[in-house]
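The lines below spell out each chain.
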Amino acid sequence: MPKRKSSRNPPIVPIRLDKPWLPLDAAAGLPGQLGVFELADDAGQLQYIGCAGGRSRFGLRSEVPAAAERIPGARRFRVEVTMAYLTRHQELLMAHQADEGALPPHNEPQPRLGRLSPGS
Amino acid sequence: MDLALTEEQEMITGMVRRFVREEILPLELTLDPDADELPEADRQRLTEKTRAMGLYGLDIPPEFGGPEIDLVTRTLIAIETSQHRAGLYAPCYGVFGGAGLAQLFEATEAQQARYLHPMLRGEKSGFFGLTEPSGGSDPARAIQTRAVRDGDDWIINGSKIFISGADRADFGLVFARTDPDRGRNGVTCFIVDTDTPGFHVRRVVHTLRSARYATELQFEDMRVPHANVLGAVNGGFAIANDRLSRQRIPYAAGCIGVAVKAHELALEYAPQRQTFGAPLSSRQAIQWMLVDNEIDIRQARWLTLEAAARAQRGDAFRKEAAMAKLVATEAGSRVVDRCMQIFGGYGVTKDFPFERWYREMRIRRIGEGPNEVQRHIIARDLLGASLR
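The structure displayed is predicted, hence computed values, not measured ones.

*Asks:* Describe the nonpolar core, naming the residues involved and giving the relevant values.
*Replies:* If you look at the biggest cluster of nonpolar residues, it comprises 40 residues, and the most contacted ones within it are I249(B), A262(B), I342(B) and F354(B). When contributions to this core are tallied by element, the ones reaching two or more residues are helix 3 (71–81), helix 6 (236–269), helix 7 (284–313), helix 8 (318–343) and helix 9 (354–364) of chain B. With 30 residues, the next largest nonpolar core counts L92(A), W154(B), V204(B) and V224(B) among its residues.

The following block contains the structure:
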């Protein structure tokens, strides 16, 4: 019988979104669920981190194209379905701030954003 | 025993109830269903109103500028301020202010000048760093974070988990072991600036409470001056323990407020909703749910007010606070669950607040000491420390 690997702490969900980028025309096939998303330009440079919250009409399916329309140069996206969309959104912003020293170019300044030093 | 509210209590609770209904509930309709913060302009406007009402900073002692309102009345107010969607964890979105870290009222003058007064003015915020990955219910034994004296400083190494607000805070109270051989008498409380080298917020901890995360902290050779010891060296457990008992009363009150609001919504809905040609309220199954709600709410309310009254009089209240926390969190969970059932499919949607209360109320049976620990506290009180 294989030995169970012991761990003091439970497994940790990856902090950063690292799924492959998808072309924007694939957004029509997104689920209508709530969650977070990222938009990037053609070169894969992150432009915006957003979330599809509880008052969005069709969740990620409506919020991703709507945000892409507002952001010039947004060509790709990736999403994560999560009911914890508010805290996950904050976490992605904090991680980006920690990694890059700034928020993505199309995110508004967040005076009350927390500080994270997540390591790699 | 007179269980009626005084004229002043009636007046104050009525004023707060109107504030919640006229100011908070309409605003809440415009926010994300999981939001726990108001837009800054609304927060400032409503804070001015609570100041004008003389009810800002309710838990701040009068000598530090708070209104002189007794604990029973403050508990009644806490039941009112939680009667909205975000009310369990963000009663009135914080516009009534708070005492912040009450432990700092016992700090030295220099510590008060640097941390307490700026906190009360809203210029600084702090966090309470007690729980560790090794456990939270038995802090006297579970604390493994270590502080070692080095000249005029202490060097702290270790970690904390489930800490709220540390990523935004300017400072925090960190409990660390300063004598490994003395159990609960070997823990010291330090005031730590969050810009101290070696202080790290390593990750966000997502929970059922989806509006606000907790954090995991790590301390690496963090150097803290001896002047930042709060209270006595090795006297940290008493500081933590006092806070844990006191906090159980407003914690219970919040659960009661949410239960009251959920019950009120169900009482309004059941006579309107028709099933098989008759109102839902004509069905005995529904009537009994409403009756059980009423009884749950009253039991929790009186136990919580009794704990508050004992604390106000200066009597021992640890057992009563444990009972209030235990009963209110379990009663609140049952009430929200029944109301969700009465609302059927609507009850589980984000159109109504029940699903948020259902998730957040589940945390309440674990937070501020799991209910099993509350039972242990009560049993210890009944049977003596050795449980003989």
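From this point, the discussion proceeds with the structure in view.
*Asks:* So what's going on with the pattern of salt bridges? Residues and values would help.
*Replies:* Tallied over the full model, the rule gives 37 salt bridges over all chains. A single salt-bridge network, built from bridges that share partners, covers R112(A), D36(B), E37(B), R168(B) and R212(B).

*Asks:* Any details on helix 1 (residues 7–28) of chain B? Residues and values, ideally.
*Replies:* All names here are of chain B. For helix 1, with 22 residues, the first-to-last C-alpha span of 30 Å sits near the 32 Å given by 1.5 Å per residue. At V20, helix 1 shows its strongest bend, of approximately 30°. Every buried residue belonging to helix 1 is among Q9, I12, T13, G14, V16, F19, V20, E23, I24, L27 and E28, and all of these are buried. Looking at the packing, one finds that the buried side of helix 1 touches helix 2 (40–52) and helix 3.

*Asks:* Requested: an account of the packing of helix 6 of chain B against helix 7 of chain B, with residues and values cited.
*Replies:* Residues and elements named next belong to chain B. Remark: helix 6 packs on helix 7, axes separated minimally by 10 Å, with the N-to-C direction vectors making an angle of 155°. Between helix 6 and helix 7, the crossing angle belongs to the class labelled roughly antiparallel. Handedness of the helix 6/helix 7 crossing: left-handed. Facing I249, A252, A253, I256, A259, V260, H263, A266 and L267 of helix 6, the residues of helix 7 in contact are L290, N293, E294, I297, A300, R301, T304, A307, A308 and A311.

*Asks:* Summarise the sheet that holds strand 2 (residues 35–40) of chain A; cite the residues concerned and give the values.
*Replies:* Residue and element names in this part refer to chain A. Taken in spatial order, the 4 strands make up an open sheet running 1-4-2-3, and their pairing is antiparallel. Strands with a single pairing partner mark the edges of an open sheet, and in this sheet they are strand 1 (22–23) and strand 3 (46–52). The strands that helix 1 (residues 59–70) touches are strand 2, strand 3 and strand 4 (76–81); relative to strand 2, the one it contacts most, it runs at about 30°. Those strands touched by helix 2 (residues 85–100) are strand 2, strand 3 and strand 4, and its axis lies near 165° from that of strand 3.

*Asks:* Describe the pairing of strand 3 (residues 153–164) of chain B, and please don't skip the residues or the numbers.
*Replies:* All names here are of chain B. Both strand 2 (residues 146–150) and strand 3 contribute to a ladder of 5 bridges, which runs antiparallel. Of the residues in strand 3, the one forming a bridge with A147 is I156. The turn joining strand 2 and strand 3, which pair antiparallel and follow one another in sequence, is formed by 2 residues; a positive phi near 65° is taken by G151. Looking at chain direction, strand 3 and strand 7 (residues 214–225) are connected through 9 bridges and run antiparallel. When the sheet's bridge partners are listed, S164 is paired in strand 7 with A214.

*Asks:* Would you mind going over the interface of chain B and chain A in detail, with residue names and values included?
*Replies:* With 31 residues of chain B in contact, the opposing surface of chain A contributes 24 residues. Buried area between chain B and chain A, summed over both chains or domains, comes out near 2200 Å², and the portion from carbon and sulfur atoms is 47%. The largest share of the area that chain B buries against chain A comes from R168(B), R203(B) and H206(B), three residues that together contribute 23% of it. At the boundary of chain B and chain A, one finds 1 salt bridge.

What counts and how
Residues numbered from 1 in each chain as written. Chains lettered and ligands numbered in written order. Predicted model: local features only at pLDDT ≥ 70, side-chain atom pairs only at ≥ 80, totals over all residues. Heavy atoms only, no water. Core = buried A, V, L, I, M, F, W, Y, C linked by side-chain atoms within 4.5 Å. Buried < 20%, exposed > 50% of the residue type's maximum accessible area, 1.4 Å probe, protein only. Helix = DSSP H or I, 4+ residues; strand = E, 2+ residues; numbered from the N terminus. Salt bridge = Lys/Arg side-chain N within 4 Å of Asp/Glu carboxyl O. Expected span 1.5 Å × (residues − 1). Bend = angle between axes of the 7 residues up to and from the residue. Contact = heavy atoms within 4.5 Å. Axes fitted to C-alpha atoms, helices over the stretch in contact; angles between N-to-C directions. Parallel < 35°, antiparallel > 145°, perpendicular 65-115°, else oblique. Left-handed = near helix turned anticlockwise from the far one by under 90°. Pairing = 2+ DSSP bridges. Buried area = accessible area lost by both parts, 1.4 Å probe.

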